Amino acid sequence: MSLKEKVRSALYEVIDPELGINIVDLGLVYDVEIEESHVTITMTLTTPGCPMHDSITAGVEHRIQQIEDVQKVTVHLVWEPAWTPLNMSDQAKQMLGFG
Amino acid sequence: MKSSTDIKLPLGFILFGLIAFVIAQGILLYGYSFLESGQFRSPAIWSGAHFLLLGFAMMVAMGAMYQLVPVAFLTEIWSHKLGYIQLWITIIGITCFAILLGVAPQFAVYGAAVAIVGVLLFLFQMGCTILKQKQKNMMTYFVLAALTSLALTISAGLLLAWNLSAHAFSNHNQILSTHILFGLAGWFTLLIIGFSYKLVPMFSLSHGFSMKMAKKAFIAYICGLMLWTISVWIHHSVGQTIGWLLLLMGFFLFTLDILEILKKRIRKQLDKPLQFSLLAIGIALAVHTCAFLLSLFQVTDMMIWSWLIYVYVMAWIIFSILGYLYKIVPFLWWTHRFSDKIGKEKVPTMKEMVNEKRSVQLFILFVVSMIGILVAVWLQQVALLLLFQGLLFIGSVLYAASIIHVLRVKSS
């Protein structure tokens, strides 16, 4: 498994505590970049001013730091493009009863 | 930017609020005979009402603001140290004031003065915090108007407390009307409306809604408050009726926005506590409609108006707060206990921290108790009133226990 695949897989374990769904299925992760042992994650949240702002981004950092071969993690929180429900996986939509 | 608050501060307000909620229902149980005879202007009812509205509703609202303002307005609390000073002064002031109202109303002004210092510190704190917000929005204006109403409410309240001891003014009823309207419709309603524009979309995961009625709702409600108050002071009944109509229109427009938010929600199955807060919005719309119709048909029976105010306080203000607290407290405790563990170990979701089945049972108990109290008063059945006020008291104890239970969650 490549480092990028390990990172993607690990991100499935970061759960939004309000919705109970992981951040990948929610469509919050926009990009994962790997430069040697430096992982950069570009992500968003469902709404600006989300009370979980600090917790979720810190959770991403903690989880990725646990991966062997990762020396440094940077999380870029962006609001453009804004999150839309279309970003969600079918599984997440089903869990929320949407669509 | 760090958008969170030290949780001890909001939690301090909320825990005192829960204690005051139980005390208030206990005092109302003790003074049930005054309720039955419609003697709302009696020391026991004054004491119970102020433990409920200041001790519970206002303290919880203050605590919620210490938590929500930083996340909703993206601005940090101006001074946490001032927050703790304000917490203790307000606790001492409200406790002394509510007790004195019950046992020695002529001295209540001294307790009121301490409580007012606490409220003024809160207004100063929030003013400094909110004015730092870079981009103001409709929510900001609702909250600022609510804070202004709170300032007017405590000014009128101080005059009332002073009048109880010094009998200095002859227009006691106008001051009382201003105090009640700005306290209930100005402070609490504008605040709940403002935060509902943030909380309902957040908890229902609504997307693509417009809030297109918010500005009109705000203008109509503020105009209604002002026109009604002026009309009371100049004894103009038509002005009062138009004031009620504007208040109804404002609340109706807000309800339309909430319906749109719910229509565009992604989370189809809403949490039960949120459903309870939404039920409160429906009840408040009905109460606003009743107030307008009573005014239109010139119904002046004080007993009817007093019970309408009771329904407004219990089924709108208190029910809204009871519902939202089931969301706010788990969030606070989760942030304190688990936010640095996310990504490191398995942590509970917020829904797992709450016994939702118990919350439904309690909400049903509150609704049944309130309806039972109204029926008992209508039928003039003292025993029935005692039974349902007793149930409400038991419900408030169980509710406080269920919220405190959230604080005992240590792991998933």
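Residues numbered from 1 in each chain as written. Chains lettered and ligands numbered in written order. Predicted model: local features only at pLDDT ≥ 70, side-chain atom pairs only at ≥ 80, totals over all residues. Heavy atoms only, no water.

K.L.:
Any chance you could break down the overall build of chain B for me, citing the residues and the numbers?
P.N.:
Counting its secondary structure elements, chain B contains 13 helices and zero strands. In chain B, the succession of helices and strands from N to C terminus is α-α-α-α-α-α-α-α-α-α-α-α-α. Relative to the compact-globule value of 22 Å for 412 residues, chain B shows a C-alpha radius of gyration of 21 Å, a close match. Dimensions of chain B, computed from C-alpha atoms along their principal axes, come out at roughly 65 × 45 × 40 Å. Taking all 412 residues of chain B together, 59% fall into the buried category. Contacts in chain B between residues at least 24 apart in sequence constitute 82% of all its contacts with a sequence separation of at least 6. (Helix = DSSP H or I, 4+ residues; strand = E, 2+ residues; numbered from the N terminus. Rg over C-alpha atoms; globule rule 2.2 N^0.38 Å. Buried < 20%, exposed > 50% of the residue type's maximum accessible area, 1.4 Å probe, protein only. Contact = heavy atoms within 4.5 Å.)

K.L.:
How would you sum up the pattern of salt bridges? Please name residues and give values.
P.N.:
Opposite charge on two side chains allows them to pair when their charged atoms are near. Enumeration over the complete set of coordinates arrives at eight salt bridges over all chains. Through salt bridges that share partners, E18(A), R267(B), D271(B), K327(B), K351(B) and E356(B) make up one connected network. (Salt bridge = Lys/Arg side-chain N within 4 Å of Asp/Glu carboxyl O.)

K.L.:
I'd love a proper account of the interface of chain B and chain A, names of residues and values included.
P.N.:
Contacts between the two partners involve 27 residues from chain B, matched on the other side by 26 residues from chain A. Roughly 2,300 Å² is buried in total at the junction of chain B and chain A, and carbon and sulfur atoms are behind 64% of that figure. By the criterion of area lost to chain A, the three top residues of chain B are L205(B), I266(B) and I342(B), representing 24% of everything that side buries. Linking chain B to chain A there are two salt bridges. The salt bridge partner of E18(A) is K327(B), with a shortest N-O separation of 3.1 Å. For the interface between chain B and chain A, the tally reads seven residue pairs in polar contact (both at pLDDT 80 or more). (Buried area = accessible area lost by both parts, 1.4 Å probe. Polar contact = N/O pair within 3.5 Å; in protein donor to acceptor, adjacent residues only side chain to side chain.)

K.L.:
Give a description of the confidence of the model for chain A that names residues and reports values.
P.N.:
Averaged over all residues, the pLDDT of chain A is 91; the fraction at 70 or higher stands at 99%. Here helix α2 (residues 53-65) of chain A is the element of chain A with the lowest mean pLDDT, 89, and strand β4 (residues 38-43) of chain A is the one with the highest, 96. (pLDDT = per-residue confidence, 0-100.)

K.L.:
Tell me what's going on with unusual backbone geometry, and back it up with residues and numbers.
P.N.:
P81(A) follows E80(A) through a cis peptide bond whose omega is -5°. Here P81(A) shows up in the loop between β5 (72-77) and α3 (90-96). Even without being glycine, L205(B) reaches a positive phi, approximately 50°. Mapped onto the secondary structure, L205(B) falls in the loop between α7 (172-204) and α8 (214-233). Look at Q380(B): it is not a glycine, yet its phi comes out positive at around 60°. Looking at the secondary structure, you find Q380(B) in the loop between α12 (356-379) and α13 (382-406).

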